[in-house]
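Each chain, letter by letter, is given below.
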Amino acid sequence: MSRDSFPFLTNNNSKTALVDGDRDYSFEEVNGLIDRFASGLLRGSSDLNEERIAFFIPASVDYVTAMHGVWRAGGIAIPLNVASAVAELDHCLTSASVTRMIANGNYQDSLKDLCQRLNIELMSVEDVLQDKVSPLPVIAEERRAMMLFTSGTTNKPKGVVSTHKTIQAQVTTLIDAWCWTQDDVIPLFLPVHHIHGIINILSCSLWSGATVHLFSKFDIPKISAEIIADTYNVFMAVPTIYVKLIQYFDSIDQDQVQKICGGFARMRLNISGSAACPVKLFNQWQSLTGQVLLERYGMTEIGMGISNPYSDERRAGFVGQALPGVKIALFDEQNEIINEEDVAGEIRVQGDNVFLEYWNNEKATTESFKNGWFCTGDVAVLERGYYRIMGRSSVDIIKSGGYKLSALEIEGVLLMHDAIAEVAVIGVEDETWGEAVTAFIGLNPGATLEFDELRTWCDGKMSSYKIPKSIKLIDALPRNAMGKVTKPTLKAML
Ligand code: MCA
Ligand code: AMP
């Protein structure tokens, strides 16, 4: 892929690509920044040759500059979660052998010690930008481009590696399926270390020549004001965001609610994904705004796989059909494809959209594929031509507000508390979060534990959204004959 044909950010000249705070950036400007950043990263060499470069930057023009700059210079971009506790970064940085970290201002201050200890060069975007653009490498599309960390059932997150070709496949299928054009304007308030923010919103928009308004967080009043002003015609969010909007409507004047709902009603598309959209929420949104939510299904390892149609029936409680270019099949426990409707099976995926590998983890990569199909661990059923997600095969994965959390990772941290003898973490159905992290705790003899004290203790040891929303003290955790905690029993106890 040469610089001229690099399609990730179209060259739409003076048209606005990004709005960051009060400032608009044209495609020409952003492209210029990216080339200067890529040149600075290269430091006179011809290619970064898949050097791992991490960045700790919220959604902003600097984020786009860093991400695309690494791509253009031939590196592997590793966008980190700016909401993570610094203690959680150690594993990502060491397992990926990161050599350089890009962060600005306060973020840079919080990372200084860590980077020094891990021998990682810490620099700001400004430090890297070179005045003059140097020759940039031609990047073969099979080369590695990005690594995103995802929680699995194991304790530590794994680095999901996608190539330039993977990203291209993930983006182009959505542009076609959801009819992106350069006239689209979309807000981005989701975190930019996950596919939802990176691919579905940012990359689709930049590729189509559309405009993204960048927010460092989900600022309801600010975003609502833009919605009333008809700034956006496309809106993509996790179900929790729609729940939070409806909760917000209950706290403001009806007059204002009508105006915001009017703004949503005039959009061409509202999408929900990353977690199940309850039918009740789907119906509430439709009655408030007239919008029929388009629900779709995806995963870090595959981008988007299944989507309700843009122009045909969008069915509540269903995720739709395989996206163009994506092969989806349901498999039974004997690894046979299920060819009939109404029979549940594991969703498996094939296509250019599927990731290359888990970084430096051949065992996990091999285990996640069977006969060339990527095994998602999600269970679904096909009913009248549409897939419906029924759940996950593992109780150790929790989806809270769209974030995928590893119960084992949270348990590992909680076990370091002096009072805790044993712990089991599960996700409990919750109207706002989808699933709320709940910890069942057995205490050491004579120990006591208050919920608030535990929450304070967790601060800085894990991202705040992983901290249990409630705890239940229990004499002994239920275990099976093998000594393994029977989490379904805990769920049933509630
Ligand atoms: C925030 N809090 C949470 C969560 N988010 N607790 C549980 N689960 C969460 N997801 C807690 C904070 O710890 C804090 O607690 C309090 O809520 C307020 O935090 P704040 O950041 O102000 O909350 P918010 O701005 O309202 O955040 C809610 C959110 C956010 C916007 C829904 O969680 C979010 O951006 N979620 C989306 C994640 C996402 O993009 N996932 C996609 C990955 P305290 O007050 O106690 O400190 S999945 C994916 O990419 C696949 C491919 C796919 O299909 O899309
Ligand atoms: P992540 O690995 O963080 O990308 O999260 C991917 C997981 O989110 C999938 O494996 C599903 O379990 C879940 N997911 C994504 N979209 C949906 C949806 N529309 N309905 C139900 N679950 C979903």
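A short tour of the structure in this document, coming up. No experiment lies behind these values; they were computed from the predicted model shown.

1. What to know about the overall build of the protein
At step 1: What the protein contains, in helices and strands, is 15 helices and 26 strands.
At step 2: With the principal axes as the frame, the protein shows a C-alpha extent of 65 × 55 × 55 Å.
At step 3: The long-range fraction of contacts in the protein, counting pairs at least 24 apart against all pairs at least 6 apart in sequence, stands at 65%.
At step 4: Summed over its atoms, the accessible surface of the protein is roughly 20500 Å², and 48% of this surface lies on carbon and sulfur atoms.
At step 5: Of the side-chain charges in the protein, 44 are positive and 61 negative, and the distance between the mean point of each set is 1 Å.

2. Digging into the packing of helix α10 (residues 254–265) against helix α11 (residues 279–289)
At step 1: In contact at an axis separation of 8 Å, α10 and α11 are set at 100° when each is read in the N-to-C sense. By the angle class used here, α10 and α11 are roughly perpendicular. Here Cys-261, Phe-264 and Ala-265 of α10 lie close against α11, whose contacting residues are Trp-285, Leu-288 and Thr-289.
At step 2: Here the residues of the contact of α10 with α11 are counted per class, giving 5 nonpolar, 1 polar and no charged.

3. A short note on the packing of aromatic side chains
At step 1: A complete count under the given rule lists 15 aromatic pairs for this structure.
At step 2: Pairing Phe-235 with Phe-264 gives two aromatic rings, centres 4.9 Å apart and planes at 85°, and the pair type is edge-to-face. A residue pair is termed long-range when its members are at least 10 positions apart, and Phe-235 in strand β11 (residues 234–237) and Phe-264 in helix α10 qualify at 29 residues. Across the pair, Phe-264 and Phe-235 agree in class, each one buried.
At step 3: Aromatic pair Tyr-403 and Tyr-465: ring centres 3.9 Å apart, planes at 5°, arrangement stacked. Residue Tyr-403 is found in strand β23 (residues 403–406), and its partner Tyr-465 is found in the loop between α14 (451–458) and β26 (470–473); the two are separated by 62 residues along the sequence. Note on accessibility: Tyr-403 and Tyr-465 belong to one class, buried.
At step 4: Each member of the aromatic cluster is reached from another via a ring pair, and the members are Phe-189, Phe-218, Phe-235, Tyr-242, Phe-249, Phe-264 and Trp-285.

4. Observations concerning the site of ligand 2
At step 1: Residues in close proximity to ligand 2 total 16 residues, the closest being Glu-295, Arg-296, Thr-300, Asp-378 and Lys-399.
At step 2: At a separation of 2.7 Å, a nitrogen atom of ligand 2 approaches a polar backbone atom of Arg-296.
At step 3: The separation between an oxygen atom of ligand 2 and a polar side-chain atom of Lys-399 is 2.9 Å.
At step 4: Taking 490 Å² as the accessible area of ligand 2 by itself, protein coverage stands at 92%.
At step 5: Those elements that place two or more of their residues in the shell around ligand 2 are β13 (294–299) and β21 (386–392).
At step 6: The element best represented in the shell around ligand 2 is β13, accounting for 5 residues.

5. Some words on helix α6 (residues 164–177)
At step 1: Between its first and last C-alpha atoms α6 spans 20 Å; for 14 residues at 1.5 Å apiece the expected length is 20 Å, and the two agree.
At step 2: Counting buried positions along α6 yields 10 of 14 residues, so the element is predominantly enclosed.
At step 3: For α6, the secondary structure elements touched by its buried residues are α2 (61–73), β7 (144–150), β8 (158–163), α7 (195–208) and β14 (303–307).
At step 4: For α6, the N-terminal capping position is held by Thr-163, with its side-chain oxygen 3.2 Å away from the main-chain nitrogen of Lys-165.
At step 5: Looking one or two residues beyond α6, the residue adopting positive phi is Cys-179, at roughly 60°.

6. Focus: the nonpolar core
At step 1: Formed by 112 residues in total, the largest nonpolar core has its most connected members in Leu-18, Trp-178 and Phe-235.
At step 2: Counting residues in each nonpolar core, the second largest holds 21 residues, with Leu-93, Ala-96, Leu-118 and Met-147 among its members.

7. Section: the pairing of β11
At step 1: The two faces of β11 match: Val-234 and Met-236 on one face and Phe-235 and Ala-237 on the other face are all buried.
At step 2: Relative to strand β12 (residues 269–272), β11 runs parallel, the two being bridged by 4 bridges. Looking across to β12, one finds that Phe-235 is bridged to Asn-270.

8. As for the pairing of strand β20 (residues 373–383)
Every other side chain in a regular strand lies on the same face of the sheet, so the side chains alternate between the two faces.
At step 1: Across the 11 residues that make up β20, a large majority, 9, are buried.
At step 2: In this structure, strand β17 (residues 345–350) lies alongside β20, joined through 4 bridges in antiparallel fashion. Looking at the pairing, Val-349 lines up with Phe-374 of β20.
At step 3: Between strand β19 (residues 369–370) and β20, which follow one another and run antiparallel, lie 2 residues, and Asn-371 among them has a positive phi close to 50°.
At step 4: Taking the residues that link successive antiparallel strands as the turn, the β20-β21 hairpin has 2 residues, and the phi of Arg-384 there is positive, at about 45°.

9. Overview of the state of the cysteines
At step 1: Scanning all chains against the criterion turns up 0 disulfides.
At step 2: No disulfide involves Cys-179; its sulfur sits 12 Å from that of Cys-204, the nearest cysteine.

10. Considering the side chain of Thr-163
At step 1: With respect to the helices and strands, the residue Thr-163 is situated in strand β8.
At step 2: A polar contact of 3.2 Å, which involves the side chain of Thr-163, links it to the backbone nitrogen of Lys-165.
At step 3: At 2.7 Å, the side chain of Thr-163 forms a polar contact with the side chain of Thr-166.
At step 4: Apart from the residues within four sequence positions on either side, Thr-163 is in contact with Glu-141, Glu-142, Arg-143, Arg-144, Ala-145 and Leu-356.

Rules used in this analysis
- Residues numbered from 1 in each chain as written.
- Chains lettered and ligands numbered in written order.
- Predicted model: local features only at pLDDT ≥ 70, side-chain atom pairs only at ≥ 80, totals over all residues.
- Heavy atoms only, no water.
- Helix = DSSP H or I, 4+ residues; strand = E, 2+ residues; numbered from the N terminus.
- Contact = heavy atoms within 4.5 Å.
- Areas by Shrake-Rupley, 256 points an atom, 1.4 Å probe, with all protein chains shown as cover.
- Lys, Arg positive; Asp, Glu negative; His and termini not counted.
- Charge placed at Lys NZ, Arg CZ, Asp CG, Glu CD.
- Axes fitted to C-alpha atoms, helices over the stretch in contact; angles between N-to-C directions.
- Parallel < 35°, antiparallel > 145°, perpendicular 65-115°, else oblique.
- Nonpolar A, V, L, I, M, F, W, Y, C, P; charged D, E, K, R; others polar.
- Phe/Tyr/Trp six-rings, centres within 6.5 Å; stacked < 30°, edge-to-face > 60°.
- Buried < 20%, exposed > 50% of the residue type's maximum accessible area, 1.4 Å probe, protein only.
- Near = heavy atom within 4 Å.
- Polar contact = N/O pair within 3.5 Å; in protein donor to acceptor, adjacent residues only side chain to side chain.
- Expected span 1.5 Å × (residues − 1).
- Core = buried A, V, L, I, M, F, W, Y, C linked by side-chain atoms within 4.5 Å.
- Pairing = 2+ DSSP bridges.
- Disulfide = S-S within 2.5 Å.

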